[in-house]
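Structural overview
Listed below are the residues making up each chain.
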Amino acid sequence: APPHVVKHGAKCLQTQLSHARLTEHVFGGTQYRMFPLSAQFGERSLDLGTLVSSSHTALPPQVDWGALPTQPDKKYSLIIYSPDCSSCKLHWWVSNISPGDVTTQSDDVTPQSDDVTTQSDDVTTQSDDVTTQSDDVTTQSDDVTTQSDDVTVLPYIPAVPLKGTGFYRYVLVLLEEDSQITAPTDTDRLSELSGVISEHELLPVGLALYQAFWDESVGPNLARHLGLDEKQFSAERPKDIDEFYAEERFLRKEWEMKTGFM
């Protein structure tokens, strides 16, 4: 992208982060110079706060950050984080990504590789080459990303906003690594992103923002990925109160408070 377009996008992103109070709730009040990430769930692009249902986030987003001003000799991390989700804040963390790996498609390959493996079993008697090819595809599907030496620190979990709690804010952050994260850490999914950034000396350089709302996929996802039962919340309308009785009770209480000092 032209420099003026990237610069304009960075300003719009900072404004949106401040408006959604994400600078405070995600980065602990620290402001970073970040640029918009090009990302999408299937055919739905993320555009500074796109609203998606939980089922739209069933698979990891496709991310293209080729237009961002990155360093060719650096490695990067991709993290999905929600400050609003009490059951899971860190939904995804892939580290050790090279700038050339502009697209991350991880789990999208898994269903396809199963089909190819099944087909190869049918043709095993015809050619060993087909079997070898299918094994390659299976190996790729086991990786979180199908390119280079990326490391899965935390496997992907879809958005799980609880029913009755409104929209949950999610950020997909691209972070520059000071040193390579070569092995999974013991990071808890309830860790604050600001703490992760400080501990691993990461520098946020790109971000995509979206909001997710509840649908029927939340319950199964909570049970499958986190082993939790789904909780649902609702607001109850207060019972009607007789205005005369309420005023009389207030006056009587006020009189009791006054006479208590006599």
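Residues numbered from 1 in each chain as written. Predicted model: local features only at pLDDT ≥ 70, side-chain atom pairs only at ≥ 80, totals over all residues. Heavy atoms only, no water.

**Examining the pairing of strand β6 (residues 76-81)**
- Burial analysis of β6 places 6 of its 6 residues in the buried class, the great majority of the element.
- Going residue by residue along β6, you find Tyr76, Leu78 and Ile80 tucked away on one face and Ser77, Ile79 and Tyr81 tucked away on the opposite face as well.
- Strand direction decides the pairing type here: β6 and strand β7 (residues 90-97), joined by 5 bridges, are antiparallel. Looking across to β7, one finds that tyrosine 81 is bridged to leucine 90.
- In the sheet, β6 pairs with strand β10 (residues 168-177) via 6 bridges, with the strands oriented antiparallel. In the strand pairing of β10, serine 77 is matched with leucine 175. (Buried < 20%, exposed > 50% of the residue type's maximum accessible area, 1.4 Å probe, protein only. Helix = DSSP H or I, 4+ residues; strand = E, 2+ residues; numbered from the N terminus. Pairing = 2+ DSSP bridges.)

**Structural notes on helix α5 (residues 193-200)**
- Every buried residue of α5 is accounted for by Leu193, Val196, Ile197 and His200. Looking down the long axis of α5, one finds its buried residues gathered within 100° of arc, a one-sided arrangement. Of the residues in α5, the exposed ones pointing more than 90 degrees away from the buried face are Ser198 and Glu199.
- On the buried face of α5, the contacting elements are β6, β7, β10 and β11 (202-213). (Arc of directions from axis to C-beta. Contact = heavy atoms within 4.5 Å.)

**Brief notes about the pattern of salt bridges**
- Going through the model one piece at a time under the given rule, you end up with 2 salt bridges.
- In this structure, glutamate 24 and arginine 21 form a salt bridge, with 3.2 Å as the shortest nitrogen-oxygen distance.
- We classify glutamate 24 as partly exposed; its relative accessible area is 47%.
- Among the salt bridges present, the one from arginine 169 reaches aspartate 84, with a minimum N-O distance of 2.7 Å. (Salt bridge = Lys/Arg side-chain N within 4 Å of Asp/Glu carboxyl O.)

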